[in-house]
4 protein chains.
Amino acid sequence: MTSAVDARARSNVTPPERMRAWVLHGPGELSFEEKPVPAPERAEVLVRVDAVAICATDLDVIWHGPPALIEGGAPFHKGFTPGHEYMGTVAALGPGVDEYQVGERVTVEIHAGCGQCKRCRQGMYTSCLNYGLNYGARDKGHRANGFTTDGGFAEYAVNNINTLARVPDEMSDEEATLVVTAGTAMYGLTELGGLVAGESVVVTGPGPIGLLGVAVAKALGAQPVILTGTRDNRLEIGRKLGADHTINVRREDPVERVMALTHGRGVDYVLECSAATDALNQAAHMVNRGGRICLAAFPHEPVMVDVAHIVRNNIYVFGIRGEGRSATHRAAALMQQRRFDATLIHTHTFAMADLPEALRYARERVDDAIKIVVKSDHHAATL
Amino acid sequence: MTSAVDARARSNVTPPERMRAWVLHGPGELSFEEKPVPAPERAEVLVRVDAVAICATDLDVIWHGPPALIEGGAPFHKGFTPGHEYMGTVAALGPGVDEYQVGERVTVEIHAGCGQCKRCRQGMYTSCLNYGLNYGARDKGHRANGFTTDGGFAEYAVNNINTLARVPDEMSDEEATLVVTAGTAMYGLTELGGLVAGESVVVTGPGPIGLLGVAVAKALGAQPVILTGTRDNRLEIGRKLGADHTINVRREDPVERVMALTHGRGVDYVLECSAATDALNQAAHMVNRGGRICLAAFPHEPVMVDVAHIVRNNIYVFGIRGEGRSATHRAAALMQQRRFDATLIHTHTFAMADLPEALRYARERVDDAIKIVVKSDHHAATL
Amino acid sequence: MTSAVDARARSNVTPPERMRAWVLHGPGELSFEEKPVPAPERAEVLVRVDAVAICATDLDVIWHGPPALIEGGAPFHKGFTPGHEYMGTVAALGPGVDEYQVGERVTVEIHAGCGQCKRCRQGMYTSCLNYGLNYGARDKGHRANGFTTDGGFAEYAVNNINTLARVPDEMSDEEATLVVTAGTAMYGLTELGGLVAGESVVVTGPGPIGLLGVAVAKALGAQPVILTGTRDNRLEIGRKLGADHTINVRREDPVERVMALTHGRGVDYVLECSAATDALNQAAHMVNRGGRICLAAFPHEPVMVDVAHIVRNNIYVFGIRGEGRSATHRAAALMQQRRFDATLIHTHTFAMADLPEALRYARERVDDAIKIVVKSDHHAATL
Amino acid sequence: MTSAVDARARSNVTPPERMRAWVLHGPGELSFEEKPVPAPERAEVLVRVDAVAICATDLDVIWHGPPALIEGGAPFHKGFTPGHEYMGTVAALGPGVDEYQVGERVTVEIHAGCGQCKRCRQGMYTSCLNYGLNYGARDKGHRANGFTTDGGFAEYAVNNINTLARVPDEMSDEEATLVVTAGTAMYGLTELGGLVAGESVVVTGPGPIGLLGVAVAKALGAQPVILTGTRDNRLEIGRKLGADHTINVRREDPVERVMALTHGRGVDYVLECSAATDALNQAAHMVNRGGRICLAAFPHEPVMVDVAHIVRNNIYVFGIRGEGRSATHRAAALMQQRRFDATLIHTHTFAMADLPEALRYARERVDDAIKIVVKSDHHAATL
């Protein structure tokens, strides 16, 4: 690997001054246009984007903006470039950076905390109290690329070195874009206690985070791992990723079935990824006394919750918005070690120029799309 | 103290075979009758009950039964004696017990786990998976005195030594009955992180747990400690117990006020003790990103919850049913050290024989009763 | 599996009243003699011992006694039966036990805490403050089978249900005896933080715990996992169990080599299993600032330690005497899932009647013995 | 307070370009000379130093240099200014800083992590893996003022905002210099578990950290708190700060006495602040099974340690070099709330110009000096 890096580093050329990037004008209005290549500052690198996966949150951002997170409101008409699940090649180093070399392949997590607030000081950088403050007089250096700072639907992006994980030679660009999704699932399991070998886990909802949640839980030794969902083909992918049992909630009552599978005891942990209206209540009835629930998805409207049941049963509920606590590094390690095949959730590939069509596939779930990856076409060029 | 113990121990007489105890027949039907004095088994002692405080949960138990916790349903017509916040004097020791001596004054926490289930093995004895299993073929030795096993509205009660805390000579019987309430508040703060010195805490609801939650938070160095409620006289007691600010939610919007008091940042922790319908939502808007909420109270019916807000802001929610993780010992230590005056919440005293009237005061909040203590009249007798 | 259990359960016969057991008279003086079959009490079962592995600590116990742990001193001339790494079949249930059925195959961990002391209440049952108190007036119910209570070099043994883990049908008796060794390694990694995927670990010393420490660390996703030792054949077994690098300390300076392998950064964790005189100092120079060391072995004499280096570098040192915090269950799950082949460390098998010869092999490391398993010969008999 | 700040802010003048500062030439060679006032960068402020306490580590730095921490070796002949326990007034803000205002009184902790390494990402900023890297090509922004970057024996110093704590109006300059010492003690107790109310603590060594360790442990509710030392006057100050018992190790065996005071059980925690040769061994014999020891001091030479005892008793040992995990904020809160009188350890005051004499007092413990504070004489001047 090092020789490959060296070779590429030797052929290093100064990145260009301008690039093609998708820019968000109004809600849903993206145009592929020229803008300046950004310059990495202290503790940052410039990444040449090689591939980007599309996340449901991208659709939210593009059509609605990330709610309530950006100073001054929604990101429209600000020249903003979305896209947060990308990987690429280090193209330039900010001042003082020696942790990475030009030419190394990297994948990214989303959040770089300010490093100065109480949460960052606790290691909770994804709960940074200066979220979104990257511009103007109150620039605190926070970055959430593709949310509040420019993201990966472009030829180049700037990343804080804290957000990088190395990609081994054997891992494809497409697979590398899935690391942050696995990292989000890993963060959920980390907050749930992390020592899950031999413990029982339900994952509710076979979307990308849920499916990789199954894979990560199984890789860590959880047993049984139970997956619930509404579509058999998704559940089947869950089985391939390690689910010991799957429950199609259209045909079976998931709480009853979980109780039967656990001899009436309930499970130790639920990783909720369905955003269903009754998901929290069902989770609370699936876990045993003192059990833990991680909410990695949520219904957009308030829902009825049986708070009494949560309190009477000493249940812990953790909300997570994305990755955190360096869980992406743990997930990357498991993927590098081939503990599971994340590419099972990669269903479609498009060229960067075809982003709108790729987004349509994601939005309308055309052809039962799970993860759609958009690839850059600059691969023939020098770095 | 030891000499006092020795003196009393020397005058030790065998406890009587029969005692007077309140027995629950139907819902709300208590009668003061004779029943056998129970015998302490391994790791248990017999406690001569000297004083008992009345808790809102006692009213639930007496009129409705502890919901869904007892094998075979509600505790009516089983000869059950309620009452869980009591203190007294060690009257006899089970086999092998040398941790306590006859004659020592003790106060109690409620739960003695089975010691064999997964939760007990984790130290989470109040989340014992064998909750309620104390009788018959499936006797696992779990005790929740006053809930699933006989409690303290009687002359004598049996307690696992795990549930005892010593009472110093300087502490009155009445104050000692409040230790478990302070212990519940302490458990909430423990689960919230425990290192609260210099951190900001809101306590919602100035009932007994909330008021002592203020006291414990302040004793541990939290600042500011903010108390919300609807009654000014309760809030005033909260101020005496250490609240830096109080908010009467009838006159002010508590979320707005908390935000103003914290310069728009929100607080680190909320200890919710109000059981109000919107309490969880308000708590979620009072804490900052990554903040923590402990639910020590709950509305009996399901309520609308803005789950999305909890997830988007990485908020942690802990439900606690009572005390736990030896927090009662921590609370007892602070009370022994006179860090706060728990007796400020003790408003009325009745004789044991007058329990029905004491319960009426508690139920109807006659004379703005907060904590009512029922005292035994055997004080003149030998142990 | 259940049918097999049922079949065996149907053929259940009352266990015999007397059995053959190895009894320790003086230091090193074992005789195979008759003694009564013990009776399981509350929360206990009777296990018919099918196989026992020999641990270095058995040699200590048999020749020196477990130091300073037993009331009244060394276990000689008390009719004591050693042996702690055993597995077998449930032969009878104590009163109230329904967690296991007669006929189920089980393996054991060593320690059953008293359930009443401060440490047990914290979930630290292997640090029970009533260690060794199982007999006489101060009987607190603590068991450390093979250390302070009768162990497994016998036909039958009594075990608290807390010490049991189920053995799947596919797992051989011999492999099942290794679960507690893997559980000790798992406890070390658990105390070190547990979330070791992608983190770097050095294991020093390729004895049984060290070798399974490599296996467990790798199964959890640690990378790199580095093993140090003095014998190439042991290191080679370490490679088969997952070591990414091995260092023969006779040929290379292990600190220098670890530094080279980690690009000068040092590792995150060291699991010390060598008992070498300079092991702690070397470990402290292998970990990075803020790193963690678990001592699972120790030199018998005091050694020179560079405490200043530990303090200056914010290093954490955890001593563990054996398994703990239910880690044995986590290890058992990984073994059931075939994450590593523990039988690679099983080198020799003897019949129970040949225990003295088996002990000689272990003591003198005849034929480079690693793990020696002693098997009972009652397999043809009914349970 | 705000009006006072505003008033001072209104009278704000640009800080001068040059200042008087003590500069370290050779070992022990300090000269008071002119050098440029440093400029605060992003996330930094300029502090006008009002008072500085002298720590034993200052003597090490001045006569020996901070060992092995600075790139390129000892800090001699580099224009370095020592001094790390200072407080002062915010004199200028770096770009983007709005967390503090010019004119606010602040005290400091020592370490500002790089924010980019693994440890900083975990919240362990005092274990920053880029310790000392503040200069030249590998500038990672780490600061340890008075160790690796310029400190407080000067008119002005630059501080990362992470290192600041506000000083209330009621707190004197002298007392405010003691916050970081209390913060170090608090960090030790935090790492020991933090929930120390009602738990037993031994503090060994009545130096500044030990004495404030007694105060913090007591403020958090520990009982008993036992202090050991060699000088009765120091132990007497310990009693005033909250020690329930003191042991003069010249007259009594501290292990025996601790065992007697704890009825043979030993204590839960030891905070070791003596640097005595046998301190770790004695601590290990003072704690109970599963107990915890924090080493906040260390002998400079390797010492004999009974590692076997540590392992056999599941003892945890934490080395800490200074403050950490925002413990300084917790300590500052307790001091603001007047939970203990830290000024009891302040014995002498000198003018900044008399630093050499102040250092002599500290070094030779003239007049039984504990904490010596050096004060600036610019107080009459405008900020």
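The shown structure was predicted, so the numbers you read here are calculated from the model rather than taken from an experiment. (Residues numbered from 1 in each chain as written. Chains lettered and ligands numbered in written order. Predicted model: local features only at pLDDT ≥ 70, side-chain atom pairs only at ≥ 80, totals over all residues. Heavy atoms only, no water.)

Observations concerning unusual backbone geometry
Convention followed: Each helix corresponds to a stretch of at least 4 residues labelled H or I by DSSP, and each strand to a stretch of at least 2 residues labelled E; elements are numbered beginning at the N terminus.
With an omega of -10 degrees, the peptide bond between Gln223 of chain A and Pro224 of chain A qualifies as cis. For Pro224 of chain A, the position within the fold is in the loop between helix H6 (208-219) and strand E11 (225-229). Backbone geometry at Asp368 of chain A places phi at a positive 50 degrees, although glycine is not the residue there. The topology assignment puts Asp368 of chain A in the loop between helix H12 (355-364) and strand E18 (371-375). Positive phi values are uncommon outside glycine, yet His263 of chain B reaches one of about 55 degrees.

Section: the relation of the copies chain B and chain A
We count it as follows: What sets the superposition is a least-squares fit of C-alpha atoms, and only residues with pLDDT of at least 70 in both copies go into it. In what follows, residue pairs with any heavy atoms lying within 4.5 Å of each other are defined as contacts.
When chain B is fitted to chain A, the best match, at an RMSD of 0.0 Å, comes from turning it 180 degrees and sliding it 0.0 Å along the axis. With respect to symmetry, the two chain copies, as superposed, fit the operation of a two-fold axis. Proximity to the rotation axis, assessed at the C-alpha, singles out Met304 of chain B in chain B; its C-alpha lies 2.2 Å from the axis. Of all interface residues in chain B, 100% are interface residues in chain A too; the two copies therefore contact each other through one and the same surface.

Quick look at the sheet that holds strand E16 (residues 316-319) of chain D
What counts, and what does not: The pairing criterion is simple: DSSP has to find at least two bridges between the two strands. To get an axis, a line is fitted to the C-alpha atoms, and for a helix only the part in contact is used. The angle between two axes follows their N-to-C directions and goes from 0 to 180 degrees.
Strand order in the open sheet formed by 12 strands is E12(C)-E11(C)-E10(C)-E13(C)-E14(C)-E16(C)-E16(D)-E14(D)-E13(D)-E10(D)-E11(D)-E12(D), with mixed pairing between adjacent strands. On the outer flanks of this sheet lie strand E12 (245-248) of chain C together with strand E12 (245-248) of chain D, each paired with one strand and no other. In this sheet, adjacent strand axes meet at a mean angle of 15 degrees when their direction is disregarded. Bridging between strand E10 (residues 201-204) of chain D and strand E11 (residues 225-229) of chain D involves four bridges; their strand directions are parallel. For Thr204 of chain D, the partnering residue across the bridge sits in E11 of chain D and is Thr228 of chain D.

Some thoughts on the interface of chain B and chain A
Note the threshold: When two components associate, each loses some accessible surface as probed by a 1.4 Å sphere; the sum of these losses over both components is called the buried area. Any Lys or Arg side-chain nitrogen located within 4 Å of an Asp or Glu carboxyl oxygen qualifies as a salt bridge. Under this definition, polar contacts are N or O atom pairs within 3.5 Å; protein pairs additionally need one hydrogen-donor-capable and one acceptor-capable atom, and for neighbouring residues in sequence, both atoms have to be side-chain atoms. Gly falls in the polar group here, along with every residue not listed as nonpolar (Ala, Val, Leu, Ile, Met, Phe, Trp, Tyr, Cys, Pro) or charged (Asp, Glu, Lys, Arg).
Taken residue by residue, the interface counts 43 residues in chain B and 43 residues in chain A. The junction of chain B with chain A conceals about 3,900 Å² of combined surface from both sides, 56% of it contributed by carbon and sulfur atoms. Of all residues in chain B, the largest losses of buried area upon contact with chain A belong to Arg289, Val311 and Arg312 of chain B, amounting jointly to 18% of the total for that side. Note that Lys118 of chain B is salt-bridged to Asp268 of chain A, the shortest N-O span being 2.8 Å. Put simply, chain B and chain A have 25 residue pairs in polar contact (both at pLDDT 80 or more) between them. Broken down by secondary-structure element, the contributors of at least two residues to the side of chain B that touches chain A are helix H3 (118-121), helix H5 (179-191), strand E14 (287-295), strand E15 (303-305), helix H10 (307-312) and strand E16 (316-319) of chain B. The residue makeup of the side of chain B that touches chain A, split by class, is 25 nonpolar, nine polar and nine charged. Sheet topology places strand E16 (residues 316-319) of chain A next to E16 of chain B; three bridges connect them, and they run antiparallel. Bridge pairing in E16 of chain B places Phe318 of chain A opposite Tyr316 of chain B.

Considering the interface of chain C and chain B
One frequent convention defines the size of an interface as the accessible area lost when the parts assemble. Opposite the 24 residues of chain C that make contact, chain B presents 24 residues. Applying the counting criterion to the chain C and chain B interface returns nine salt bridges. Close ionic contact of Glu99 of chain C with Lys140 of chain B constitutes a salt bridge, the shortest N to O distance being 2.9 Å. Linking chain C with chain B are 19 residue pairs in polar contact (both at pLDDT 80 or more), by the criterion used here. Split by residue class, the side of chain C that touches chain B holds six nonpolar, 10 polar and eight charged.

Some details on the pattern of salt bridges
Keep this limit in mind: Buried means the residue's accessible area, taken with a 1.4 Å probe over protein chains only, is under 20% of the maximum for its type, while exposed means over 50%, and partly exposed covers the values in between.
If you walk through the whole model with that rule in mind, you get 91 salt bridges over all chains. As a salt-bridge pair, Arg360 of chain A and Glu364 of chain A come within 3.1 Å of each other at their nearest N and O atoms. You can see Arg360 of chain A and its partner Glu364 of chain A sitting in helix H12, four residues apart, about one turn around the helix. You can call Arg360 of chain A partly exposed: its relative accessible area is 33%. A salt bridge links Glu199 of chain C to Lys118 of chain D; its shortest N-O distance comes to 2.4 Å. With one member in each of two chains, Glu199 of chain C in the loop between helix H5 (179-191) and strand E10 (201-204) and Lys118 of chain D in helix H3 (residues 118-121) form a pair that bridges those chains. With relative accessibility at 28%, the residue Lys118 of chain D sits in the partly exposed group.

Topic: the packing of H5 of chain C against helix H11 (residues 327-336) of chain C
Residues and elements named next belong to chain C. Quick reminder of the rule: In a left-handed crossing the near helix is turned counterclockwise from the far helix by less than a right angle, and in a right-handed crossing that turn is clockwise.
It is the contact of H5 with H11, at a shortest axis distance of 7 Å, that shows an interaxial angle of 115 degrees. Of the two elements, H5 crosses H11, and the hand of that crossing is right-handed. Packed against H5, whose contacting residues are Val179, Val180, Ala182, Gly183, Met186, Tyr187 and Thr190, the element H11 presents Ala327, Thr328, Arg330, Ala331, Ala332, Leu334 and Met335 at the interface. Its residues placed into classes, the contact of H5 with H11 shows 10 nonpolar, three polar and one charged.

Here we look at the sheet that holds E14 of chain B
The 12 strands lie next to each other as E12(A)-E11(A)-E10(A)-E13(A)-E14(A)-E16(A)-E16(B)-E14(B)-E13(B)-E10(B)-E11(B)-E12(B), forming an open sheet whose pairing is mixed. Looking at the sheet topology across the chains shown, the edges are occupied by strand E12 (245-248) of chain A together with strand E12 (245-248) of chain B. Across the sheet, the axes of successive neighbouring strands diverge by a mean angle of 15 degrees, strand direction being ignored. Where helix H7 (residues 232-240) of chain A meets the sheet, its contacts fall on E11 and E12 of chain A, and the angle it forms with E12 of chain A comes to roughly 170 degrees.

Let's talk about the packing of helix H5 (residues 179-191) of chain A against H6 of chain A
How two helices sit against one another is set out by the angle between their axes and by the gap between those axes. All names here are of chain A. As a packed pair, H5 and H6 sit with axes 8 Å apart at the nearest point and diverge in direction by 60 degrees. The two elements H5 and H6 cross, and the hand of that crossing is right-handed. Contacts between H5 and H6 involve Thr181, Ala182, Thr184, Ala185, Met186 and Leu189 on the former and, on the latter, Pro208, Ile209, Leu212, Gly213, Val216 and Ala217. Its residues placed into classes, the contact of H5 with H6 shows nine nonpolar, three polar and no charged.

Some words on the pairing of strand E1 (residues 18-24) of chain B
All names here are of chain B. In terms of residue burial, E1 counts as a mostly covered element, since five of its seven residues are buried. Bridge analysis of E1 against strand E2 (residues 30-36) gives seven bridges, and the strand direction is antiparallel. Bridged to Ala21 within E2 is Glu33. In this structure, the hairpin formed by E1 and E2 is closed by a connection of five residues, where Gly28 is found at a positive phi of approximately 75 degrees.

Describing helix H12 (residues 355-364) of chain D
Residue and element names in this part refer to chain D. Applicable threshold: This arc corresponds to the set of directions leading from the helix axis out to the C-beta atoms.
Along H12, the positions that sit buried rather than exposed are Leu355, Ala358, Leu359, Tyr361 and Ala362. Within H12, the buried residues cover an arc of 155 degrees as seen down the axis, which keeps them to one side. Its buried side turned inward, H12 meets strand E1 (18-24), strand E2 (30-36), helix H2 (56-64), strand E17 (346-351) and strand E18 (371-375). One or two residues past the end of H12 sits Arg365, with phi positive at roughly 45 degrees.

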